[in-house]
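# Overview (structure and organization)
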Amino acid sequence: MFPEKRMRRVRGKESTRHLFEENQVASSDLIQPLFVEHRDEPVNIESMPEVQRLDVESAVEKAVEVEELGIPAVILFGVPSYKDGQGSSAWDPSEAVQEAIRRISEETGLTVIADTCLCEYTDHGHCGPVNENGSVANDRTLNILGRVAVSQAEAGADIVAPSGMMDGMVQAIREALDSDGYKHVAVVSYSAKYCSGFYGPFREAAESELLGHRGTYQMQPGQRREAAVENRLDVEEGADALMVKPAMPYLDIVRDTRNRHDLPVLAYQVSGEYSMLYSAVENGLLPEEAKKESLVAIKRAGADAVITYFAEEIAKQTGSG
Ligand code: PBG
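Just so it is clear, the structure is predicted and the values come from calculations on it, not from any experiment.

Analysis parameters
Residues numbered from 1 in each chain as written. Predicted model: local features only at pLDDT ≥ 70, side-chain atom pairs only at ≥ 80, totals over all residues. Heavy atoms only, no water. Helix = DSSP H or I, 4+ residues; strand = E, 2+ residues; numbered from the N terminus. Rg over C-alpha atoms; globule rule 2.2 N^0.38 Å. Buried < 20%, exposed > 50% of the residue type's maximum accessible area, 1.4 Å probe, protein only. Contact = heavy atoms within 4.5 Å. Lys, Arg positive; Asp, Glu negative; His and termini not counted. Charge placed at Lys NZ, Arg CZ, Asp CG, Glu CD. Near = heavy atom within 4 Å. Polar contact = N/O pair within 3.5 Å; in protein donor to acceptor, adjacent residues only side chain to side chain. Nonpolar A, V, L, I, M, F, W, Y, C, P; charged D, E, K, R; others polar. Expected span 1.5 Å × (residues − 1). Pairing = 2+ DSSP bridges. Patch = residues over 30% accessible without salt bridge, like charges linked within 9 Å, V, L, I, M, F, W, Y side chains within 5 Å. Areas by Shrake-Rupley, 256 points an atom, 1.4 Å probe, with all protein chains shown as cover. Salt bridge = Lys/Arg side-chain N within 4 Å of Asp/Glu carboxyl O.

In this section: the overall build of the chain. When helices and strands are tallied, the chain shows 11 helices and 10 strands. On C-alpha atoms alone, the chain measures out to a radius of gyration of 20 Å, which is about the 20 Å that the 2.2 N^0.38 rule sets for 321 residues. On the principal axes, the C-alpha backbone points of the chain span a range of 70 × 45 × 40 Å. Every one of the 321 residues in the chain was classed for burial, and the buried ones make up 55%. Counted over contacts in the chain with a minimum sequence separation of 6, partners at least 24 positions apart contribute 74%. Separation of charge centres in the chain, based on 32 positive and 53 negative side chains, amounts to 10 Å.

Right under this line is the structure:
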């Protein structure tokens, strides 16, 4: 007890603070998202400053840079050249995502993760085909997701990451991969994905206009126990790792997931978290360090890896550790 016990002793010198650091962010914790599209040159995304939609060649160049910075993985999102009710362009081997997966997996040693969802590829913007009554057809979507995952695995993806919150998606994808000879491809499930306003800027990034809302498949922000059920089901269905999304507003869910499971836990610092922090720093309302602090907080909550649009910037500051 005070005055004998003094916590400040371990904070007096920078080296001691460093020595006793419980959580830190290294470039090896980060996953860089990339948006790819068949186009001539990169284009800026207005709602996400410094993030671009890339042509395949530029995506490969960016992947090489990312690897040099010690970031071990990229996650690819596609902006397709055509859209329809089923999202058929999602499993088209000539689309930009498949091509970028092929090139990046051949030309780098990165772990290539493919986002396995249909919302960027459907003309209505939902994560699966829509029934006459307007709801997304769960079981029909599962068949399509299996095809998409196989096309991504065929292109060379190491990990497929279903993000559509369809019931049974992990099992359907696992079965499709196994029966097509892709037993070695891992499934990282966005097991607790919330129906969140923080995805706003992504819509522009992925050119994904939504008619309606995703509340019939994504989770409501107030749900905590329900995330535990989602996590458990995905583990039972064969998920190799679990993900929580968004990250910062859902740190308790990251912690719950960490405490309940021994699988790797990922968290996705989404577009709205990025744009919010970016513009606060840009406008002088927050110091630059707030960006890294947000990632340390996500690590402290229990994430092993973080998908973040700040990956490159933070890796430049931290190095791999
Ligand atoms: C769609 C998808 C979304 C994001 C990634 N995949 C949007 C949504 O579900 O509405 C958002 C990512 C981000 O905001 O950075 N399955």
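And the narrative resumes.
Taken together, 15 residues sit near the ligand, with Arg 203, Arg 214, Lys 245, Ser 271 and Tyr 309 positioned nearest. Arg 203 places a side-chain nitrogen or oxygen 2.7 Å from an oxygen atom of the ligand. Here Tyr 309 contributes a side-chain N or O atom positioned 2.6 Å from an oxygen atom of the ligand. Residues of the shell around the ligand, tallied by class, amount to 8 nonpolar, 3 polar and 4 charged.

End to end, helix α9 (residues 271-282) covers 16 Å across 12 residues, agreeing with the expected 16 Å (1.5 Å per residue, within 8%). Inspection of α9 places Ser 271, Gly 272, Glu 273, Tyr 274, Ser 275, Leu 277, Tyr 278, Ala 280 and Val 281 among the buried residues, and these make up the whole buried set. Those residues of α9 that are buried lie in contact with α6 (200-205), β9 (265-269) and α10 (289-300). Looking one or two residues beyond α9, the residue adopting positive phi is Gly 284, at roughly 75°.

Let us look at the pairing of strand β4 (residues 73-79). Of all the 7 residues making up β4, 7 are buried; the element is thus mostly covered by neighbouring parts of the structure. Neither face of β4 is open: one carries Ala 73, Ile 75, Phe 77 and Val 79, the other Val 74, Leu 76 and Gly 78, and all of them are buried. Sheet topology places strand β1 (residues 30-37) next to β4; 7 bridges connect them, and they run parallel. Of the residues in β4, the one forming a bridge with Pro 33 is Ile 75.

A cluster of nonpolar side chains, Met 7, Val 10, Leu 19 and Phe 20, forms an exposed patch at the surface whose accessible area comes to about 410 Å². Looking at where Met 7 falls in the secondary structure, it is placed in the segment before α1 (14-19).

This next bit is on the environment of Glu 106. Relative to the assigned elements, Glu 106 resides in helix α3 (residues 96-107). Along the primary structure Glu 106 and Arg 260 are separated by 154 residues, whereas in three dimensions their C-alpha atoms are 36 Å apart.

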